[in-house]
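Breakdown of the fold
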Amino acid sequence: MAATLNLRATAGLTKLPTRFSPRHIFPAHTRARHALLPLTLTRHLSGPYGYTQSKALVFSKFGEPIDVLHLHRHSISPTLPDGAVLLRTLAAPVNPSDVNTIQGTYGVKPQFSPLLGTPEPSAIPGNEGCFEVVSLGAGVKSLKKGDWVIPATTGFGTFRTHAVVENADKALFKIGGEKGHQGLTPVQVATVSVNPCSAYRMLKDYVDLIKLSVESFSKGGGDVTGGAWFLQNGANSGVGRAAIQLGKLWGLRSINVIRERPTPEETQSLKQELHDLGATVVITETEFLDRSFGARLKEEFTRHGKEPILLGLNCVGGKSASAVVKALGPKGTMVTYGGMSRQSFPFPTGPQIFKRLRFEGFWLSEWSKEFPKEKKRTIDEIVELIREGKFKISPVEEVKWDWETEEGVLKKAVQGTLEGFRSGKGVFLFGET
């Protein structure tokens, strides 16, 4: 099969930082060398002259994924800059934030680059992924061929079969330490850095629930019925499932709010699934928003306020967020990390004054920039929990990505991320690429 390649497309793609700066795309010496190459090459998985043939989903304007995504083919040079590595993608999940980025509604907008070799300047979406090191340039110290790695920051551009990453020692996190990826799957590794990491930090960084649990037991004696409480809406989300499991491991109790499913049987099945993960209480949005919930909270869960809820996690907004505020005890904290309902939430004056509540926002991208070493430590801890069988990743829908996979299949997988009830998160699983 012959492939006519744009000259700019024959250069090795590098890691795209948060703002996808074009200067990171091609080293200067690589650009000059490729000016001498022929325009027409024969495509193989490993092409002529040792060039790696690669594909990437790209977009050149904001809009719905089904409308603006395109599958772009390019070649990667076998000559790597000093400090760079060539990666092969093993798995890449599709998160809501990836769709929002394509739509142009996310907090950071990508810079479209003309150096990808596409007809119009474009960017590659995708923040999470598991990659295998295929080859290394001179000077790479912390990695070796065969290592599994994940991006150290968001905005990497993971919806592609291969990538060249410069400054690899800092741009990538090696998975598993000395144990490597033994006992792990690509999907497990690919999904560890966003949702589980977010849940971990929100449970740890705003209210010291473990300390509260210890103090409660020391003061309350035999009357205390369990560890400190936290409450969350969107409990069936990836973050919600992670928070349930981590809370259980740390001796905490959780009240978890879910949307009703199409049938009572499906709703009950989901409740049981979350109970099996470690949830203490699972209720529906209807139960949560009912006027009787306040009384239930006091009588059934908090011993009439003696064991108050001091942390609420909100990813829904609107009425659900207002109900979280009502459920919090004095000096409680609500952490917002999403707005799935797309409904605004007015900060209530009364609870802020009389209950002395605190309202915080959590954005993993900015936290990661501020605390890169802590992010690596958090990921390492969660990876070990997965390896030991103490933590389960969220359900996924695997979408096979081989060299011959059609563009429409990939676009549909991205588009479906925000549509209705799903059996699991979409994850590209790369095969023969």
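Residues numbered from 1 in each chain as written. Predicted model: local features only at pLDDT ≥ 70, side-chain atom pairs only at ≥ 80, totals over all residues. Heavy atoms only, no water.

**Remarks on the overall build of the protein**
The condition that has to hold: Strands are runs of DSSP state E lasting at least 2 residues, helices are runs of H or I lasting at least 4, and numbering of each runs from the N terminus. For every residue, the accessible area (1.4 Å probe, protein chains only) is compared with the maximum for its type, and the residue is labelled buried under 20%, exposed over 50%, or partly exposed between those bounds. Should any heavy atoms of two residues lie within 4.5 Å, those residues are considered in contact. Using a 1.4 Å probe, accessible areas were evaluated by the Shrake-Rupley method; residue-level cover was limited to the displayed protein chains.
Each helix and strand counted, the protein has 16 helices and 17 strands in total. Here the protein holds 433 residues, and 55% of them are scored as buried. For the protein, restricting intrachain contacts to residue pairs at least 6 apart in sequence, the fraction spanning at least 24 positions comes to 75%. Summed over its atoms, the accessible surface of the protein is roughly 19,200 Å², and 54% of this surface lies on carbon and sulfur atoms.

**So, the layout of surface pockets**
Just so we agree on the cut-off: Buried and open spaces are told apart on a 1 Å grid over the protein atoms alone, a cavity being a set of points where a 1.4 Å probe fits but cannot get out and a pocket being an open set with protein on both sides within 12 Å along at least five of seven lines. Residues with an atom within 4 Å of a point are the lining residues. Grid points are joined across faces, edges and corners, and a volume is the space filled by probe spheres set on the points. Note on residue classes: Ala, Val, Leu, Ile, Met, Phe, Trp, Tyr, Cys and Pro are nonpolar, Asp, Glu, Lys and Arg are charged, and everything else, Gly too, is polar.
In this model, the second largest pocket occupies a volume close to 380 Å³. What lines the second largest pocket is a set of 20 residues, among which Phe293, Gly294, Leu297, Lys326 and Ala327 lie closest to the centre. Mapped by element, the contributors of at least two residues to the lining of the second largest pocket are helix H10 (285-289), helix H11 (293-301) and helix H12 (318-327). When residues in the lining of the second largest pocket are grouped by element, the largest group, five residues, is from H12. Per-class residue counts for the lining of the second largest pocket are 10 nonpolar, five polar and five charged.

**A look at the nonpolar core**
Rule in force here: Among buried residues, those of type Ala, Val, Leu, Ile, Met, Phe, Trp, Tyr and Cys that are joined through side-chain atoms within 4.5 Å constitute a nonpolar core.
Judged by nonpolar contacts, the single largest core of 48 residues is most densely connected at Leu203 and Leu311. For Leu311, the contacting residues outside a window of four places in its chain are Met202, Leu203, Tyr206, Val207, Leu209, Trp229, Phe230, Leu231, Leu328, Thr333 and Val335. Grouped together as the second largest cluster of nonpolar side chains are 21 residues, Val257, Ile309, Val324 and Leu357 included.

**Considering empty space enclosed by the protein**
By the definition in use, this model includes four cavities of 30 Å³ or more. In this structure, the second largest cavity is lined by 14 residues; those nearest its centre are Thr191, Pro196, Gly238, Ile393 and Ser394. Residue assignment for the lining of the second largest cavity shows that the elements contributing at least two residues are helix H6 (195-205) and helix H8 (238-249). Here the lining of the second largest cavity gets four residues from one element, more than from any other, and that element is H8.

**Brief notes about the environment of Val189**
For Val189, the location among the structural elements is in helix H5 (residues 186-190). When its relative accessible area of 2% is taken as the criterion, Val189 is described as buried. Taking the C-alpha atoms as reference points, Val189 and Gly176, 13 residues apart in sequence, are found 9.6 Å from one another. Beyond its immediate chain neighbours, meaning those up to four positions away, Val189 contacts Cys130, Trp148, Ile150, Ile175 and Leu184.

**What about the packing of H6 against helix H15 (residues 372-387)?**
Note the threshold: Under this scheme, a helix contributes an axis fitted over its contacting stretch, all axes are lines through C-alpha atoms, and angles between N-to-C directions fall in the 0 to 180 degree range. Roughly parallel refers to an angle under 35 degrees, roughly antiparallel to one over 145, roughly perpendicular to one between 65 and 115, and oblique to any angle outside these ranges.
Closest axis-to-axis distance for the H6/H15 pair is 10 Å, and the angle between their directions is 110°. By the angle between their directions, the pair H6 and H15 is classed as roughly perpendicular. Facing Pro196, Cys197, Tyr200 and Arg201 of H6, the residues of H15 in contact are Glu374, Lys375, Arg377, Thr378, Glu381 and Ile382. Residue composition of the contact of H6 with H15, by class: four nonpolar, one polar and five charged.

**Looking at the confidence of the model for the protein**
Under the convention used in this document: Every residue is assigned a pLDDT by the predictor, reflecting its confidence on a scale from 0 to 100.
A residue-level look at the protein finds 87% of positions with pLDDT of 70 or above and a mean pLDDT of 87. pLDDT under 50 marks residues 1-44. Its contacts with residues more than four places away, or in other chains, come to 117 contacts.

**A few points about H12**
Among the 10 residues of H12, seven are classified as buried, and the element is accordingly described as predominantly covered. Within the sequence span of H12, burial applies to Gly318, Ser320, Ala321, Ala323, Val324, Val325 and Ala327.

**Focus: the sheet that holds strand S14 (residues 333-336)**
Put simply, the rule reads: One requirement defines pairing of two strands: DSSP has to find at least two bridges between them.
Overall, parallel pairing links the six strands, which are arranged S12-S11-S10-S13-S14-S15 in an open sheet. The sheet is open, and its two edges are formed by strand S12 (281-284) and strand S15 (358-361), each paired on a single side. The mean inter-strand angle of the sheet, taken between neighbouring strand axes irrespective of direction, is 20°. As paired strands, strand S13 (residues 309-314) and S14 are joined by four bridges and run parallel to one another. Within S14, the position partnered with Asn314 by the bridge is Thr336. Packed on one face of the sheet, H6 meets strand S10 (229-232), S13 and S14 and runs near 150° to S13. Sheet strands touched by helix H9 (residues 264-277): strand S11 (253-258) and S12. Its angle to S12, the strand with the most contacts, is close to 155°.

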